[in-house]
Amino acid sequence: MHWGIAVLTGIIGLAFGYFLRRALGEAKIGSAEAEAKRIHDEAIKAVETKKREILIEARDEAQKIRDELEKEVRERRQEVQRMERRLLNKEESLDRRQEILSQKEENISKQERALVERTKALEALREEAMKELEKISQLTRDEAKERILNEVREALKDETARMVRDAEAAAREEAEARARSIISLAIQKCAADHVAENTVSVVELPNDEMKGRIIGREGRNIRALETLTGIDLIIDDTPEAVILSGFDPIRREVARLALERLVSDGRIHPARIEEMVEKAQKDVDNLIKQEGEQAALNLGVHGLHPELIKLLGRLKFRTSYGQNVLKHSVEVAHLAASMASELGCDVAVARRAGLLHDIGKAVDHEMEGSHVSIGVSLLKRYRESNDVIRGMEAHHQDVEPQTVEAFLVAAADAISAARPGARRETLEMYLKRLEKLEDIANSFEGVEKSYAIQAGREIRIMVKPDRIDDLGAVRLARDIVKKIEKEIEYPGQVKVTVIRETRAVGYAK
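Residues numbered from 1 in each chain as written. Predicted model: local features only at pLDDT ≥ 70, side-chain atom pairs only at ≥ 80, totals over all residues. Heavy atoms only, no water.

Enquirer: Please explain the overall build of the protein chain as it appears in this structure.
Expert: Looking only at helices and strands, the protein chain features 14 helices and 8 strands. In the protein chain, which comprises 509 residues, the share counted as buried stands at 29%. Pairs at least 24 apart in sequence give 59% of the contacts found in the protein chain among residues at least 6 apart. Total accessible area on the protein chain is roughly 34,800 Å²; 53% of this is exposed by carbon and sulfur atoms. (Helix = DSSP H or I, 4+ residues; strand = E, 2+ residues; numbered from the N terminus. Buried < 20%, exposed > 50% of the residue type's maximum accessible area, 1.4 Å probe, protein only. Contact = heavy atoms within 4.5 Å. Areas by Shrake-Rupley, 256 points an atom, 1.4 Å probe, with all protein chains shown as cover.)

What follows is the structure in structure tokens.
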């Protein structure tokens, strides 16, 4: 009984708990739904608010863009209107110009027609005049033209000769200084080239087998020697000799000394060649310095800059027409000093200027300009006195001599260069050149005699006065000059003098 009541009570308790939990769950669900609905409604309101704000902003932005576009469209429209007005103005202007051009073309056409008619009338008058002239002169048109042309040719020939003579007379004074400068520079450069081409050094060998050792395996020894010295080695059939050929005499001397020492030593290979060339270079530099010092010491010229001493020594290896330039400079110094002593001038300045007058030739192949201008630059650089510079710069008449010592240096230079045996030229070539000069002069019609004088620097031509007049003599001189320039090679310049002489002889009985 009690058991049944307990069971019933448990069942009732379970049922009550079930319903109680259900009621509480429904209450919570209702509350959650209400909260969810509230949140949903608030989100919808926020979205609607945000949407309205975005729409308002978009509407404002669209309005702003629309306003800007309308403004730009208005501006573009105004610009287009301005361009249209401008084009209309240009079209109107072009129309006016076209009208003006049309009027001008019409006027030109009228003028052309009038000109053609006038030309025809003039041609008809010319034909009538020509017929009348032919009738009066009893000459055809071609005959009259030929006669007129002949007269014009003769008149022009005389007029040309007269103009040439007047022009030469007017320009001679102004041209002489420039001509001397140009010719001096040309002779100097050509002389150096000529000497370099004909000057070589010969190294004697103990036997011909040494030639193969000098050449070396695959030519490495000879290539090394040529590269280090800048000199060409000529190994040919000449027995027991090697020829050294090069433009620079100093480099050629270095190569000669190095090769002689290599042959004497017997050990010939690239490393030994480099060692010997370096040693030979030092020896040549010392020799150059010693030669310069010896020249200055022998002349009693003191206080020269060390670089000028070296440049003087370099002149030992420079020649001009076969004359050693250092010996020539020493000789000029002696001559200038002797003449200065006789005339009571400054002997020290004359001697110093004479010694340094050709100093530019030591570096004239390394610097632009004549050896005189280079020498002046060097003396100014090494602080030589103005008296010495003025004494040396005028020895080729590049500038007007300003002192007595300058005249003496120029005279001493001419004496040293012109004395017999100073400069080399074979007798056969010399005689051939003189004969060629006279042959050229004698080949012209009207020449009676010709004489080459001044060692070929001048040719005097006697003409027949009845065959050549004064103007013809001017033309003859120019023609002979052109033919000499074309057919003969010569140093310096050749003066052509045409002499026309008329003699009247009478006898009193």
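Enquirer: Help me understand helix H5 (residues 249-265) in this model?
Expert: Note: α-helices contain 3.6 residues per turn, so residues at a spacing of three or four share the same orientation. Given a rise of 1.5 Å per residue, 17 residues ought to cover 24 Å, and the 24 Å separating the end C-alpha atoms of H5 matches this to within 8%. Every buried residue of H5 is accounted for by Ile250, Arg252, Glu253, Val254, Ala255, Arg256, Leu257, Ala258, Leu259, Leu262 and Val263. Downstream of H5 by one or two residues, Gly266 has phi in the positive range, about 90 degrees. (Expected span 1.5 Å × (residues − 1).)

Enquirer: Explain the sheet that holds strand S6 (residues 447-453) here, please?
Expert: Each strand in a sheet pairs with its neighbour through backbone hydrogen bonds, running either in the same direction (parallel) or in the opposite one (antiparallel). On the basis of which strands lie adjacent, the open sheet formed by 3 strands has the order S6-S7-S8 and mixed pairing. Of all strands in the sheet, those with a lone pairing partner are S6 and strand S8 (495-500), marking the two edges. Pairwise comparison of adjacent strand axes, ignoring direction, gives a mean angle of 20 degrees for this sheet. The sheet contact formed by S6 and strand S7 (residues 458-463) spans 6 bridges and is antiparallel. If you follow Val447 over to S7, its bridge partner there is Val463. (Pairing = 2+ DSSP bridges. Axes fitted to C-alpha atoms, helices over the stretch in contact; angles between N-to-C directions.)

Enquirer: What is the right way to read the pattern of salt bridges from this model?
Expert: For side chains of opposite charge, pairing can occur when their charged atoms come near one another. For the structure shown, the criterion picks out 22 salt bridges. Residue Arg38 is joined to Glu35 by a salt bridge in which the shortest nitrogen-to-oxygen separation is 2.0 Å. Here the residue Arg38 and the residue Glu35 both occupy positions in helix H1 (residues 2-137), the gap between them amounting to 3 residues, near one helical turn. Taking the relative accessible area as the measure of exposure, Glu35 reaches 36% and is therefore partly exposed. Where Asp265 meets Arg272, a salt bridge forms, and the shortest distance between an N and an O atom there is 3.3 Å. The partly exposed category is assigned to Asp265, whose relative accessible area is 29%. Using a relative accessible area of 12% as the deciding quantity, one classes Arg272 as buried. Among the charged side chains, a salt-bridge network with shared partners connects Asp265, Arg267, Arg272 and Glu275. (Salt bridge = Lys/Arg side-chain N within 4 Å of Asp/Glu carboxyl O.)

Enquirer: Help me understand a nonpolar patch on the surface, please; the structure alone is not making it clear to me.
Expert: A contiguous nonpolar patch, built from Phe16, Leu20 and Leu24 and spanning about 330 Å² of accessible area, is present on the exposed surface. Summarising the element assignment, Leu20 is placed in helix H1. (Patch = residues over 30% accessible without salt bridge, like charges linked within 9 Å, V, L, I, M, F, W, Y side chains within 5 Å.)

Enquirer: What is the right way to look at the pairing of S7 in this model?
Expert: The two faces of the sheet receive side chains in turn, since in a regular strand these alternate between them. In terms of strand pairing, S7 meets S8 through 6 bridges, oriented parallel. The partner of Ile459 across the bridge, within S8, is Val496.

Enquirer: Where do I start with the nonpolar core in this structure?
Expert: Where a protein is soluble and globular, its nonpolar side chains tend to be buried together. In terms of nonpolar packing, the biggest core is built from 35 residues, with Leu304, Ile359 and Leu379 touching the most fellow members. Of all the elements in the fold, those that place two or more residues in this core are helix H6 (270-299), helix H7 (306-314), helix H8 (325-343), helix H9 (347-356), helix H10 (371-381), helix H11 (386-393) and helix H12 (404-418). Looking at which element gives the most residues to this core, the answer is H8, with 6 residues. Excluding residues that lie within four positions of it along the chain, Leu304 makes contacts with Ala296, Ile309, Leu312, Arg352, Leu355, Leu356 and Glu384. Of all hydrophobic cores here, the second largest spans 27 residues; its members include Leu233, Leu259, Leu262 and Met276. (Core = buried A, V, L, I, M, F, W, Y, C linked by side-chain atoms within 4.5 Å.)

Enquirer: How should the packing of H6 against H8 be read in this particular structure?
Expert: Think of two packed helices as two axes; the pair is described by the angle between the axes and how far apart they sit. Across the interface, H6 lies against H8 with an axial gap of 11 Å and an inter-helix angle of 15 degrees. Accordingly, the angle class assigned to the pair H6 and H8 is roughly parallel. H8 is crossed by H6, and the crossing has right-handed handedness. Taken together, the residues of H8 that come into contact with H6 (itself represented by Glu291, Ala295 and Leu299) are Leu326, Val330, Ala333 and His334. In terms of residue class, the contact of H6 with H8 is built from 5 nonpolar, 1 polar and 1 charged. (Parallel < 35°, antiparallel > 145°, perpendicular 65-115°, else oblique. Left-handed = near helix turned anticlockwise from the far one by under 90°. Nonpolar A, V, L, I, M, F, W, Y, C, P; charged D, E, K, R; others polar.)

Enquirer: Mind showing me how you'd approach the packing of H10 against H11 here?
Expert: It is at 10 Å that the axes of H10 and H11 come closest, and there the two elements cross at 170 degrees. By the criterion of interaxial angle, the relationship of H10 to H11 is roughly antiparallel. Side by side, H10 and H11 meet where Val372, Gly375, Val376, Leu379 and Lys380 of the first sit next to Val388, Ile389, Met392 and Glu393 of the second.

Enquirer: What's the story with H7 in this structure? I'm lost.
Expert: Turning to H7, its buried residues are Leu308, Ile309, Leu311, Leu312 and Gly313. Where the residues of H7 are buried, they touch H6, H8, H9 and H10.

Enquirer: So what exactly am I meant to see when it comes to the confidence of the model for the protein chain here?
Expert: Detailed reading of the predicted coordinates is not advisable wherever pLDDT is low. In the predicted model, the protein chain carries a mean pLDDT of 79, and the fraction of residues at 70 or more is 86%. Mean pLDDT values over the elements of the protein chain span from 60, in helix H2 (residues 141-198), up to 89, in S8. Here residues 182-198 is a poorly scored stretch, pLDDT under 50, and it has 26 contacts once near neighbours within four places are set aside; other chains count. (pLDDT = per-residue confidence, 0-100.)

Enquirer: When you look at the side chain of Asp413 in this model, what are you seeing that I'm missing?
Expert: By the element assignment, Asp413 lies in helix H12. Those residues in contact with Asp413, other than ones at most four positions away along the chain, are His328, Val332, His357, His395 and His396.

Enquirer: Could you clarify how one ought to interpret unusual backbone geometry in this entry?
Expert: A negative phi angle characterises most non-glycine residues, just as the trans form characterises most peptide bonds. Not every positive phi belongs to a glycine, and Glu218 is a case in point at roughly 55 degrees. Among the secondary structure elements, Glu218 is positioned in the loop between helix H3 (209-215) and helix H4 (220-229). Residue Arg383 is not a glycine yet carries a positive backbone phi of 60 degrees. The residue Arg383 is located in the loop between H10 and H11 in this model.

Enquirer: Got a minute to help me understand the side chain of Glu253 in this structure?
Expert: Its place among the elements puts Glu253 in helix H5. Not counting the four nearest positions on each side in its chain, Glu253 is found in contact with Val284 and Phe317.

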